[in-house]
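Coordinate inspection notes
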Amino acid sequence: MKPAPFDYVRAESVHHAVRLLAENKDGARIIAGGQSLMTAMNFRMSSPALLVDIGELEHLRDITLTADARLRIGALTRHADLDASPDIAAHTPLLRKAIRHVAHTAIRNRGTFGGSLSHADPASELPACVMALDATIHIVGPDGDRVVPARHFFTGVHETALGAGEVLVAVELDVIKADEVSGFGEFARRQGDYAMVGLAAHGRIAAGLLTAVDLAFFAVGSTPILARRAAAALVDPATPDPAQRLQRAREALSLDLDPPDDPQSSAAMRMELARVLLGRVVGDMLARGAGA
Amino acid sequence: MTTMATTISVNGTSVTRQVEPRTNLVDFLRGELGLTGTHVGCEHGVCGACTVLMDGATVRGCLILAVQASGRDVLTIEGLSEPGHRITKALQEAFVLRNALQCGFCTPGILVTATELLTQDPAPSRELIREAISGHYCRCTGYHAIVDAVQQAADVLAATQGPA
């Protein structure tokens, strides 16, 4: 279908965008790459009166190392940029692993990091990644700047901590350390399709065992979910055998996750896929060892 | 109805039209310019029929507004079919030879994506070709012939590569 009519303004700065949002209250929406919003508008699931295009604010596309050894990724960094950036590959390989699972090349050429996070689709990869990495979300709004931990950012299906008139401008995360390792996997019916179940993981390894790990499952609930009990089983010092740890973690997963039924896959199938994925991703992390 | 002056370089020629902001790029190309080689399929980014090159990279014509493409360079299958686009020409010839199309609805989009692929990687594996075209639906061929054709085009291009 075609979208309902709307007005369109190219924002000249973030503050210009914030002002336009304030002046137009409920009727305005930010567009950047538009790869999710245009779809919603073509289906008329979203019919904003005004689109505020921040897509030309090139300074929001930078990837920089900050003085305190964090990586700052501008909201307009395109998925294709994440894929191609040597800084991403070296400092946060989880994003590199995840990005190839996001849709297809033509979508990745337009879709943006900030857009994906703001859209907060429960089945999308990047929200789970920023939760696994304990990233921070940097926001500009009518009352100034603020920072929200990624783990508090996603509040529901397509719902986030972004308030009215606020714009997500950047994500910051710690660069990977020598003893850390990340892993990623998902099950989708077709290459590039939405995940039925996915897992973004980041942890620390010593002597062939995980000593810390964060497991962010996606497409199993209304937001990405940190599987805390499974993670605790994977690093339990009382269980020295990694295979036994994994077995306990798989069992614990039913306490962490309560996936929904939908026409694509039943709750029981999603739960089983989550257990299989846990085994594969953790196995991959242990096999590759630290620093990857 | 609000309209906006929108100037886009299409196939090397700068064109300006007054369009509604809601006009997407593929409707601009087809409706305003009569360039009907780019097809409209699902209108939500899944089928790939509307794929064109913008500033050298593939984009979905249904998921970008014409006003967003203002100031950009767009290449459609019509432009890519002009002399000088040797990768697209080799792909078109290979698609004919390998029977890689039947109804042809998906073909322009796949040719644009395959052009991008062979521009970036002159010798892709069959797996990479499959991954590259995974964003395109073809209901006629079953894809095998398309993969064959892209591979054959890559082989032909490699064999006819003149000195740089």
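Since we're looking at a predicted model, the values are computed, not measured.

Moving on to the overall build of chain B. Each helix and strand in chain B was counted, giving six helices and five strands. Taking 2.2 N^0.38 as the reference for a compact globule, 164 residues should give roughly 15 Å; the C-alpha atoms of chain B span a radius of gyration of 16 Å, in line with that estimate. Seen through its C-alpha atoms, chain B measures out along the principal axes to roughly 50 × 40 × 20 Å. Put simply, chain B has 164 residues, and 51% of those count as buried. Here chain B has roughly 7,100 Å² of accessible surface; of this, 53% comes from carbon and sulfur atoms. Averaging the positions of the 11 positive and the 15 negative side-chain charges in chain B gives two centres separated by 4 Å.

On to the domain arrangement of chain A. Taken domain by domain, chain A comprises domain 1 (7–53), domain 2 (58–174) and domain 3 (180–288). Taking the mean C-alpha position of each, domain 1 of chain A and domain 3 of chain A sit 36 Å from one another.

Positive phi outside glycine occurs at A:Ala120, with the angle close to 50°. The topology assignment puts A:Ala120 in the loop between helix 7 (113–119) and helix 8 (125–132). Of note in the backbone geometry, B:Tyr143 takes a positive phi value of approximately 75° without being a glycine. Structurally, B:Tyr143 can be placed in the loop between helix 5 (126–132) and helix 6 (144–159).

Residue and element names in this part refer to chain B. Compared with the 22 Å implied by 1.5 Å per residue over 16 residues, the 23 Å span of helix 6 between its first and last C-alpha is a close match. Those residues of helix 6 that fall on the buried side of the exposure criterion are Ala145, Ile146, Val147, Ala149, Val150, Ala153, Ala154 and Leu157. The inward-facing, buried residues of helix 6 abut helix 3 (86–97), helix 4 (107–120) and helix 5.

Rules of the game
Residues numbered from 1 in each chain as written. Chains lettered and ligands numbered in written order. Predicted model: local features only at pLDDT ≥ 70, side-chain atom pairs only at ≥ 80, totals over all residues. Heavy atoms only, no water. Helix = DSSP H or I, 4+ residues; strand = E, 2+ residues; numbered from the N terminus. Rg over C-alpha atoms; globule rule 2.2 N^0.38 Å. Buried < 20%, exposed > 50% of the residue type's maximum accessible area, 1.4 Å probe, protein only. Areas by Shrake-Rupley, 256 points an atom, 1.4 Å probe, with all protein chains shown as cover. Lys, Arg positive; Asp, Glu negative; His and termini not counted. Charge placed at Lys NZ, Arg CZ, Asp CG, Glu CD. Domains from an automatic or database assignment. Expected span 1.5 Å × (residues − 1). Contact = heavy atoms within 4.5 Å.

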